[in-house]
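Tertiary structure, described
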Amino acid sequence: CLLSGQRTQSIQNLQTNYASFEKDKCEFYIPFVLKTSKPGKHQAPLIFRSFPDVKICVINCIQEYKKRTSLLRDTATESNKQFIISYAPPHNAVSSATIARYIKIFLYLAGIDVTIFTAHSTRSASTSKANNIGLSIKDIQRAAGWTNTSTFRKYYNLPLWENFGATVLKGHLQKK
């Protein structure tokens with residue numbers, strides 16, 4: 001969610017049969033109507049690129065997750081092509097609420113105060129950070145699936161706490 005600017009609904013709708021996995025890039029096309037979908041305007045594909053530090057590289061994580069769940073997917077129903085599946089049998093698709101719970105656990109493990117920040121906080125934090133470091137509003141808007149820049153300006157372009165990103169990275173470094 002941090003690297004896509006998307007809602008948990010979008011992450012929940014990632015499908016293995018609508019994905020392209022490469023060594024340094026992963027692309028997911030979401031074939032479903034989402035909250036941000038409009039007639040004639042569909043969500044752009046989510047593209048994730050590699051990062052030099054393999055410990056926090058999303059491509060490394062995606063490839064490892066795909067490898068670890070491959071045997072579970074063989075036993076899952078044919079209609080279940082959702083990328084994120086339950087770790088408990090029968091390993092079916094998970095809900096967006098489950099993904100939100102996973103995100104909240106990850107935030108907690110990274111040292112983020114989950115009484116203040118929620119899974120949805122990743123959307124405003126990542127898009128606000130992208131804006132603060134100079135990414136164009138058009139690129140932010142495209143990544144987040146917004147058709148109107150006023151949505152970002154009104155609801156998501158929030159002042160970042162100085163320690164949000166530092167806390168996330170510090171949590172990663174403390175786990176070494």
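The following refers to the structure shown. Here the structure is a predicted model, which means the values were calculated and not measured. (Residues numbered from 1 in each chain as written. Predicted model: local features only at pLDDT ≥ 70, side-chain atom pairs only at ≥ 80, totals over all residues. Heavy atoms only, no water.)

Turning our attention to the packing of aromatic side chains. Applying the stated rule across the entire model yields 7 aromatic pairs. For the ring pair F21 and F83, a centre distance of 6.0 Å and an interplane angle of 35 degrees mean the geometry is tilted. One end of the pair, F21, is in strand β1 (residues 19-21); the other, F83, is in the loop between α2 (58-75) and α3 (96-109), and 62 residues separate them in sequence. With centroids separated by 6.5 Å and ring planes inclined at 35 degrees, the aromatic side chains of Y87 and Y102 adopt a geometry described as tilted. One end of the pair, Y87, is in the loop between α2 and α3; the other, Y102, is in helix α3, with 15 residues separating them in the sequence. Among the residues examined, Y102 registers a relative accessible area of 18% and is labelled buried. Members of the aromatic cluster, connected to one another through ring pairs, are F21, F28, F48, Y65 and F83. (Phe/Tyr/Trp six-rings, centres within 6.5 Å; stacked < 30°, edge-to-face > 60°. Helix = DSSP H or I, 4+ residues; strand = E, 2+ residues; numbered from the N terminus. Buried < 20%, exposed > 50% of the residue type's maximum accessible area, 1.4 Å probe, protein only.)

We now examine unusual backbone geometry. Across residues other than glycine, the phi torsion is negative in most instances, and most of the peptide bonds are trans. Here the residue pair P89 and P90 is connected by a cis peptide bond, since its omega of 10 degrees sits within 30 degrees of zero. Along the chain, P90 turns up in the loop between α2 and α3. A positive phi is found at H91, a non-glycine position, where the angle reads about 60 degrees. Looking at the secondary structure, you find H91 in the loop between α2 and α3.

Quick look at the pattern of salt bridges now. For the structure on display, the rule yields 3 salt bridges. Here K25 and E27 are joined by a salt bridge, their closest N and O atoms 3.9 Å apart. When salt bridges that share partners are traced, they join E64, K67 and R68 into one network. (Salt bridge = Lys/Arg side-chain N within 4 Å of Asp/Glu carboxyl O.)

With that out of the way, let us pick up a nonpolar patch on the surface. A cluster of nonpolar side chains, namely I105, F106, Y108 and L109, defines an oily patch on the protein surface of about 450 Å² accessible area. If you trace the backbone, F106 turns up in helix α3. (Patch = residues over 30% accessible without salt bridge, like charges linked within 9 Å, V, L, I, M, F, W, Y side chains within 5 Å. Areas by Shrake-Rupley, 256 points an atom, 1.4 Å probe, with all protein chains shown as cover.)

Looking now at the nonpolar core. If you look at the biggest cluster of nonpolar residues, it comprises 24 residues, and the most contacted ones within it are L14, F28, L46, F48, I62 and I84. Elements that contribute at least two residues to this core include exactly β2 (25-28), β3 (46-49), α2 and α3. In this structure, F48 is in contact with L3, S4, D24, K25, C26, F28, V58, I59 and I62, ignoring residues within four places of it in sequence. One finds A130, I140, F152 and Y156 within the second-largest nonpolar core, a separate group that totals 7 residues. (Core = buried A, V, L, I, M, F, W, Y, C linked by side-chain atoms within 4.5 Å. Contact = heavy atoms within 4.5 Å.)

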